[in-house]
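Each chain is listed here by its residues.
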Amino acid sequence: MPAEFFSAISNQKTPPVYKFFDGKAWKESTSGKTITVHSPIHGETVGELQSVTPGEIDHVMQSALTAQPAWEATPLNKRVSVTHLAADWIRHFEDYLTALLVREIGKTDSEARSEIKRTADLTDYFADEVQSIRGETLDSDNFPGYDKGRIAMVERVAYGAVVAIAPFNYPVNLAASKIVPALLMGNAVVFKPPTQGGISGVHLTRMFEKAGVPAGIISCVTGGGTDVGDYLASHPKVDVITFTGSSDTGAAIARKAGMKPLVFECGGNNPAVVLPDADMNLTAREIIKGGYQYAGQRCTAIKYVLGSQGVLDQLLPVVLTQMGESVKMGDPRSPETKLVGPVISVSAAGQFQQWIDESVKLGAKIVTGGSRKGNYMEPTILTGVTPDMPVVTHEVFGPLVSFISIKSMDEAVTIINDSMFGLQASVFTKDEGTGLTFAKQLNVGTVQINGSPQRGPDHFPFLGVKRSGLGVQGVRYSLEAMSRLKPVVINKPQ
Ligand code: G3H
C-alpha cells in the first residue's frame, strides 16, 4: 500500500529521487540539480530532493494565488473534512512514516512514532477547533461621543498565500502545525521542507494532496535554504511567512520579508532554576528528559541549570545516577539506545565540540561526556559554567547541560533576562507560590513550574520573546495567526 500511495512522488529507484509538487503535479526540476539527503545514523543516502528554480517558484506562487479565492469560498465543513482525511492518512501510514523519520533525521523509534501520532492528533484538533473560530459585531455607542447607528461586522479572512518553512527536528509535526491552520483558514500554502527531513515533508504533502486539497492550494518546493528559502522570503506574492528554525535564519528571513506578517519559532537556550526545596528526583528526571531527548535537538531543550552551589552539589549526583539508567548514546534503531542518537550532521557536532572546548578553556569542567565520534556526541554535563561562556551564549543543539552556580535568585533572574533568547524557563520548587512569584519576573515565552520546557500540549500558547520568536502558535492561536480581521462597518443614515 505505501508503495502504491506514494508512487507519484519519486522515480522508484534505489535510492529514490523525489519530485517536488507544483500544486498540481509531481515534477523533476528543470534545474537538473538534486540535493542528497544522508542519514545521520550512518551516512548512507536516503534519497535525493529536487533543487527547484526561481521560475518554478514563481509558477507555484501564481497557481496558489489563482486557486486561493475558490478555496476560501469553499464551505468550512468541506475544508474540515479534507483535513480530517489528511489526519487519517497520517495515522494510516504511522509505521511507514516512523521508519522514514528514524532514517532521515535519526530519531529513536519512540520519538519518531510520537511525532507522527502527535501530528495526526494535532491535525484533527485543528479541524475541530476551527469550527469555533468566529467573528463578532461591535456597536458604535460603546465609544464616548458616538451614538448607535454604526455596526462593525468583524470577520476572519484568509491572507492569501502562506509560505510554511519547517525545521529538520520535527519535519512532519512542525510542517503540519503550519500547513493545517493556514489551509483551514482558507489560505493557499507553499511548503518549504528542510533539506534533512525533506523526504518526510514530501510524503506529508502527498497525504494532503490525496486527502483532496484542491490543485494549487498546497505545493511543496524543495531545495537549499539559500536558494529556495531566500527566494521565497523576498517573494512579492507571499502574504505571510511561518517558520521554525534557528534565530539567525529567522532574522535573515525577517530582513528579506519586509512588511508582511511573520510567525517565527526560533532558537531557545532554556534554563532550569532549582530552588533549595525542590524535589531532587523529579528535578533530575525533568532535566534529563529536557536536556537529552532527541540528543538535545529541540528548541525547548534545557540547556543550563541555575542553583546555589549547595543545591547543585545535591542535584548533580542524582542527575548522574539517573543518567546511568535512562540515557545511552547510540544508533537510534538499537533498543539499547536511550534518548541520545546522532546529532544531525558532523559539522553541527564539530561546532558544538568547539563551544565545549572553548568553555573548558575558560574554566568549565566536564563531569561526563565532552567528546564525540563523528556526529555522535556523548551526553555531556559541564559544571563551573558562567553565563558568558560559548556553551551558554550560543544555542547548542546537542546533548549538553551546563550547571551554573548562582548566589541569589536575583542573579538567576538577571542571567535569564539578559540572555538574547527567551523561549521557556523551568522553575523547580515544592512551593508553587514561590514558583509563581519567580515566574512573573522572567522575560520568556513560557515558564514551567516543576516540568521541563515543552511545546505541548499543542493547544497551549507557544511563543518566544527576543531572538526566540515572533507571534504565537498553539491550535487556536495558529488559526488566528493564519487569518486577519476584516471589519465591514454599516453606517446607518442619521
Ligand atoms: O524544536 C522545537 C519544537 O517546537 C519543540 O517541541 O517541546 O514538543 O519537543 P517539543
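About the thresholds
Residues numbered from 1 in each chain as written. Predicted model: local features only at pLDDT ≥ 70, side-chain atom pairs only at ≥ 80, totals over all residues. Heavy atoms only, no water. Domains from an automatic or database assignment. Contact = heavy atoms within 4.5 Å. Salt bridge = Lys/Arg side-chain N within 4 Å of Asp/Glu carboxyl O. Polar contact = N/O pair within 3.5 Å; in protein donor to acceptor, adjacent residues only side chain to side chain. Helix = DSSP H or I, 4+ residues; strand = E, 2+ residues; numbered from the N terminus. Core = buried A, V, L, I, M, F, W, Y, C linked by side-chain atoms within 4.5 Å. Buried < 20%, exposed > 50% of the residue type's maximum accessible area, 1.4 Å probe, protein only. Near = heavy atom within 4 Å. Nonpolar A, V, L, I, M, F, W, Y, C, P; charged D, E, K, R; others polar. Patch = residues over 30% accessible without salt bridge, like charges linked within 9 Å, V, L, I, M, F, W, Y side chains within 5 Å. Areas by Shrake-Rupley, 256 points an atom, 1.4 Å probe, with all protein chains shown as cover. Pairing = 2+ DSSP bridges. Axes fitted to C-alpha atoms, helices over the stretch in contact; angles between N-to-C directions.

Caption draft 1: View of the domain arrangement of the protein. Assigned domains of the protein: these are domain 1 (2-266 + 472-486) and domain 2 (270-463). Every contact between the two is made by 27 residues of domain 1 and, on the other side, 25 residues of domain 2. We note a salt bridge from Arg118 to Asp458, for which the minimum N-O separation is 2.8 Å. Here domain 1 is connected to domain 2 by 9 residue pairs in polar contact (both at pLDDT 80 or more). If you list the elements that add at least two residues to the side of domain 1 that touches domain 2, you get α4 (94-105), α5 (109-129), α6 (173-184) and α16 (475-481). No other element matches the 5 residues that α5 contributes to the side of domain 1 that touches domain 2.

Caption draft 2: Expanded view of the nonpolar core. Ranked by size, the top nonpolar core spans 142 residues in total, and within it Ile179 and Ile241 carry the most contacts. Residue-level mapping places this core at the junction of two domains, with at least three residues from each of domain 1 (2-266 + 472-486) and domain 2 (270-463). The contact partners of Ile179, leaving out residues within four places of it in the chain, are Ala164, Val189, Phe191, Leu204, Phe208 and Ile218.

Caption draft 3: Local environment of the environment of Pro453. In this fold, Pro453 is placed in the loop between β23 (446-449) and β24 (465-466). For the pair Pro453 and Thr300, spaced 153 residues apart in sequence, the C-alpha separation works out to 5.4 Å. Setting aside residues no more than four positions away along its own chain, Pro453 makes contact with Asn270, Arg298, Thr300, Ile302, Gln424, Ser426 and Gln448.

Caption draft 4: Up close: the site of the ligand. Close to the ligand lie Arg118, Asn169, Tyr170, Leu174, Glu265, Arg298, Cys299, Thr300, Gln454, Arg455 and Phe462, which account for all nearby residues. At 2.7 Å from an oxygen atom of the ligand is found a side-chain nitrogen or oxygen belonging to Arg118. In the model, an oxygen atom of the ligand is placed 2.8 Å from a nitrogen or oxygen of the Arg455 side chain. Taken together, the residues of the shell around the ligand sort by class into 4 nonpolar, 3 polar and 4 charged.

Caption draft 5: A nonpolar patch on the surface, seen in detail. Together, Met153, Val488 and Ile490 line one region of the surface with nonpolar side chains, adding up to about 230 Å² of accessible area. Position of Met153 among the secondary structure elements: in strand β6 (residues 150-158). A relative accessible area of 38% places Met153 in the partly exposed class.

Caption draft 6: Local environment of the sheet that holds strand β20 (residues 400-405). Strand order in the open sheet formed by 7 strands is β16-β19-β20-β13-β12-β22-β23, and the pairing between neighbours is mixed. Taken across any chain shown, the strands that pair with only one partner, and hence form the sheet edges, are β16 (365-368) and β23. Each strand axis lies, on average, 25° off the axis of its neighbour in the sheet, ignoring direction. Relative to β23, strand β22 (residues 424-428) runs parallel, the two being bridged by 4 bridges. Each bridged residue has a counterpart across the sheet, and for Ser426 the counterpart in β23 is Gln448.

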